[in-house]
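# Architecture at a glance
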Amino acid sequence: MSMTETTTFPLSFTLTPSKSARQEAHREEILASPGFGNYFTDHMVEIDWTVDEGWHNAQVKPYGPLSIEPGSAVLHYGQEIFEGLKLYRHADGSIWAFRPEANGARLARSARRLALPELNVTDFVESIRQLARVDAEWVPSAPETSLYMRPFMIANENFLGVRAAHRASYFVIASPAGAYFKGGVAPVKIWLTTEYTRAGRGGTGAAKCGGNYAASLVAQTEAYEKGCAQVLFLDAETGTHIDELGGMNVFLVKKDGTLVTPRLTGSILEGITRDSIITLARERGHTVEERDVSIEEWRDGVASGEITEVFACGTAAVVTPIGQLLSNEFAVGDPDAPAGELTMSLRQELTDIQYGRVADNHSWMTRLV
Ligand SMILES: *Cc1c(COP(=O)(O)O)cnc(C)c1O
């Protein structure tokens, strides 16, 4: 019997309640204006892994600082992956997650690429459920608000040799999130970087790992300096096709209603929002093309009117209309034009499913509490 078979499945979690949980008044004050990523709930999940024991020590415990050795592999070689998903409070008070098993499957794919251990999808979803139960009062109920869950995994073997670590830990922390667009959904400007790329062939582009973000931040800073909200990356090999934004996938809408989005080349993150939008658009009878999309197609298409809408999508902002694309050479689109009609109606349909305002015909929702 191999040592990893000693891991019990499914994992059972122990609970250590926080002694310093925020009082209701304090929590309500935070939930009234949480922003994004500013505050964390009273508890967190930890599950540990070693090459000999497999996954063990599953626990829900008070939120607080980690203690890791300075020699931990993650601090030197960046062996880290993460996920992001939201919990939604429905009108009857129940709490739901959107396609959490898809996040679990993606975490396992990311783990494989980063040479980290795979947590099975059942344990992943259970880890989310455990934290949701303990910190249920932290799921806000105002329109377009949610509790953002951030599962992540780090290599914490105290060893400087360069190889896949023999020790890792998985955590889930949770952070209440306000409505992404406070004054209503407004189109954003996007900066096209031609200097930097985020992922190359055979690289980690399809994995959700901190390293991809580290590589994107200098371009993101440039975007801010140009007055843009996010940065658009081209493919690393030819510099001619669009890949994605730093943390969102991209769609173009043609005037005949066809949606076009970059195909999954291995250097693009497989967004669950992207996949859901493809499904919803096809059900409405739209043609959706997943293929190489050149930057000229976007630039010239918007200029000629062949492309009528452009939007980005991801869990944090759901669907974000793109008003203008800016680069060193050109600017296309009208930053003051209203958000596109299809963009807004797909956004509406997706959020209606997430908040339980319409029937969930795809079995995308999982009730947690
Ligand atoms: C997480 C992420 C997305 C969006 O994925 P969703 O599953 O839709 O949230 C897109 N691009 C990158 C680089 C990401 O990390």
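Structural notes, computed from the coordinates. Here the structure is a predicted model, which is why all the values come from computation and not from measurement.

### Regarding the state of the cysteines
Taken as a whole, this structure holds zero disulfides when the rule is applied. With no disulfide of its own, Cys-313 lies 19 Å from the sulfur of Cys-228, the closest cysteine sulfur.

### Some words on the site of the ligand
Near the ligand lie 15 residues; those nearest to it are Lys-208, Tyr-213, Glu-244, Thr-273 and Thr-315. The contact in question runs from an oxygen atom of the ligand to an N or O atom on the side chain of Lys-208, over 2.6 Å. Here an oxygen atom of the ligand sits 2.6 Å away from a polar atom, N or O, in the side chain of Thr-315.

### So, the pattern of salt bridges
Under the counting rule described, the total for this entry stands at 22 salt bridges. Salt bridges here are not isolated pairs; linked through shared partners, they connect Glu-144, Arg-347, Asp-352 and Arg-357.

### Overview of the side chain of Ser-327
With respect to the secondary-structure elements, Ser-327 resides in the loop between β16 (318–326) and β17 (331–332). A distance of 3.0 Å separates the side chain of Ser-327 from the backbone nitrogen of Glu-329, its partner in a polar contact. For Ser-327, the residues in contact, after removing those within four places along its chain, are Trp-191 and Leu-192.

### Details of the packing of aromatic side chains
Per the counting criterion, the structure on display carries eight aromatic pairs. Their ring planes at 65° and their centres at 5.0 Å tell us that Phe-36 and Tyr-148 sit as a pair that is edge-to-face. Of the two residues, Phe-36 is situated in the loop between α1 (24–32) and β2 (43–50) and Tyr-148 in strand β7 (residues 146–155); the sequence distance between them amounts to 112 residues. Between Phe-98 and Trp-364, the aromatic rings sit 5.5 Å apart at their centres with planes inclined by 80°, giving edge-to-face as the arrangement. Linking Phe-98 in strand β6 (residues 95–98) with Trp-364 in the loop between α8 (341–354) and β18 (365–367), this pair joins segments that are 266 residues apart in sequence. Overall, Phe-98 belongs to the buried group, its relative accessible area being 7%. In this structure, Arg-299 packs its charged tip against the face of Phe-330, placed 5.4 Å from the ring centre.

Rules of the game
All residue numbers refer to positions counted from 1 along the written sequence of the respective chain. Confidence filtering applies because this is a predicted model: local features only for residues at pLDDT of at least 70, side-chain atom pairs given and counted only at 80 or more, and all residues used for totals across whole chains, interfaces and linings. Heavy atoms from the whole structure form the basis of all side-chain values; hydrogens and water molecules are not counted. Here, a disulfide means two cysteine sulfur atoms that sit within 2.5 Å of each other. Proximity is defined per residue: any heavy atom of the residue falling within 4 Å of a molecule or strand makes that residue near it. Under the rule applied, a polar contact is a pair of N or O atoms within 3.5 Å (in protein, one hydrogen donor and one hydrogen acceptor; residues adjacent in sequence only if both atoms are side-chain atoms). Should a side-chain nitrogen of Lys or Arg be within 4 Å of a carboxyl oxygen of Asp or Glu, the pair is scored as a salt bridge. Numbering of helices and strands runs from the N terminus; a helix is a DSSP stretch of H or I covering at least four residues, while a strand is a stretch of E covering at least two. Throughout, a residue-residue contact means that at least one pair of heavy atoms, one from each residue, lies within 4.5 Å. Note on ring pairs: Phe, Tyr and Trp rings are taken, using the six-membered ring of Trp, and paired if centres are within 6.5 Å. Classes follow the plane angle, with under 30 degrees stacked, over 60 edge-to-face and the rest tilted. Three labels apply to residues, based on accessible area from a 1.4 Å probe with only protein chains included: buried if under 20% of the type maximum, exposed if over 50%, partly exposed otherwise in between. Over a ring means this: the NZ of a Lys or the CZ of an Arg is within 6 Å of the ring centre and within 35 degrees of the ring normal.

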